[in-house]
Amino acid sequence: MKHGWVVSDLHIFAARSDGARWLPELNRTARESDFLVLNGDIFDFRWTRLPTVAQTVQEAARMMGVLALANPACDIHYVLGNHDCLEPFVRELEKLAMERANFRLHHTHVRLGPVLFLHGDLALGGKKHDPWTRPLMAAEKRKGPVAGRVYRWAVTARLHRVPELLHGRNRTARRIHGRLNLAGDSRWQGVERVYFGHTHRPYASHVVEGVEFHNTGSAIRHGRHNFAKVELP
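Bear in mind the structure is a predicted one, so any value in this text is a computation, not a measurement.

### Examining the packing of helix H2 (residues 53-70) against helix H3 (residues 87-99)
Relative to each other, H2 and H3 sit at 25°, their axes nearing to 10 Å. Our classification of the angle between H2 and H3 gives roughly parallel. When the axes of H2 and H3 are compared, the crossing they make is right-handed. Between H2, through Val-57, Gln-58, Ala-60, Ala-61, Met-64 and Gly-65, and H3, the contact on the second element is made entirely by Pro-88, Phe-89, Glu-92, Leu-93 and Leu-96. When grouped by side-chain class, the residues that make up the contact of H2 with H3 number eight nonpolar, two polar and one charged.

Here you go:
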């Protein structure tokens, strides 16, 4: 039996996020686990508080390098999300994967035994999105200070929680199940559990047609977040 953890939507570097506070827990978790799945949107380049996107890319890559180096016995799987699929960042992660045997990059998902991990945005995007193909962003424009202040005000007023209410557990789980079932192939066959993020609304063990769905929430301020423990046979 192997044990590990999955986390998503930390949105590190965004002013609206408390994700950076989870870094010590991230390191402790990796130190004590067989594997760790970083399930998308771990970093946020659009809303970064650093001076430039390029600096943010370098700092995010450095942090992943430190995590992999400090925990050689832990297999670290990085699954891209819609906020961190920036091409320059992906290139840095590809270099890290070549340097560190315990670090692996996945554009859309990773499957470990009967468990499927994916960010969730592609499957929730409907038929126009292939859940097994992740288009990369060639560039990202950092939001300016005015937009940042407006967003921080919205977070303080908890207005960002309104869209979360639209993503009920049954609705999102059934949409993902239906899209992956329609897309088919061996990546979906035999899956017993699915862990995803993106909607920022955490829950556990919601069953749709025999498959368990788990959402790991978000570190966006005033939200709820789960480090989810995962056992593998």
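### Some points on the packing of aromatic side chains
Scanning the model with the defined rule gives seven aromatic pairs in all. Three or more aromatic residues joined by ring pairs form one cluster here, namely Phe-13, Phe-43, Phe-45, Tyr-78 and Phe-89.

### Concerning the sheet that holds strand S8 (residues 203-208)
Taken together, the five strands give an open sheet; going across it, the order is S5-S6-S7-S9-S8, and neighbouring strands pair in mixed fashion. Among the strands making up the open sheet, the edge pair consists of strand S5 (109-112) and S8. Adjacent strand axes in the sheet meet at a mean angle of 20°, parallel and antiparallel pairs treated alike. By the bridge criterion, four bridges tie strand S7 (residues 193-196) to strand S9 (residues 211-215) in an arrangement that is parallel. From the neighbouring strand, Val-194 faces S9, where its bridge partner is Phe-213. Packed onto the sheet, helix H7 (residues 169-183) meets strand S6 (115-118), S7, S8 and S9 and runs at close to 55° relative to S8.

Parameters and conventions
- Throughout, residues of each chain are indexed from 1 in the direction in which the sequence is written.
- Per-residue local features are limited, in this predicted model, to residues with pLDDT of at least 70; the limit for side-chain atom pairs, both in listing and counting, is 80 or more; totals at the level of whole chains, interfaces and linings are taken over all residues.
- Water and hydrogen atoms play no part in the side-chain values, which are based on all heavy atoms of the structure.
- Every angle, taken between N-to-C directions, lies between 0 and 180 degrees, and every axis is a line fitted to C-alpha atoms, over only the stretch in contact when it is a helix.
- Elements are defined by DSSP. Helices are runs of H or I of four residues or more, strands are runs of E of two residues or more, and each kind is numbered from the N terminus.
- The scheme is simple: roughly parallel for angles under 35 degrees, roughly antiparallel for over 145, roughly perpendicular for 65 to 115, oblique for anything else.
- A clockwise turn of the near helix away from the far one marks a right-handed crossing, whereas an anticlockwise turn of less than a right angle marks a left-handed crossing.
- Residues count as neighbours in contact if any of their non-hydrogen atoms are within 4.5 Å of one another.
- Charged means Asp, Glu, Lys or Arg here, nonpolar means Ala, Val, Leu, Ile, Met, Phe, Trp, Tyr, Cys or Pro, and polar covers whatever is left, Gly included.
- Pairing of aromatic side chains here covers Phe, Tyr and the six-membered ring of Trp, requires ring centres within 6.5 Å, and sorts the geometry by plane angle: under 30 degrees stacked, over 60 edge-to-face, intermediate tilted.
- Strands qualify as paired when DSSP identifies two bridges or more between them.

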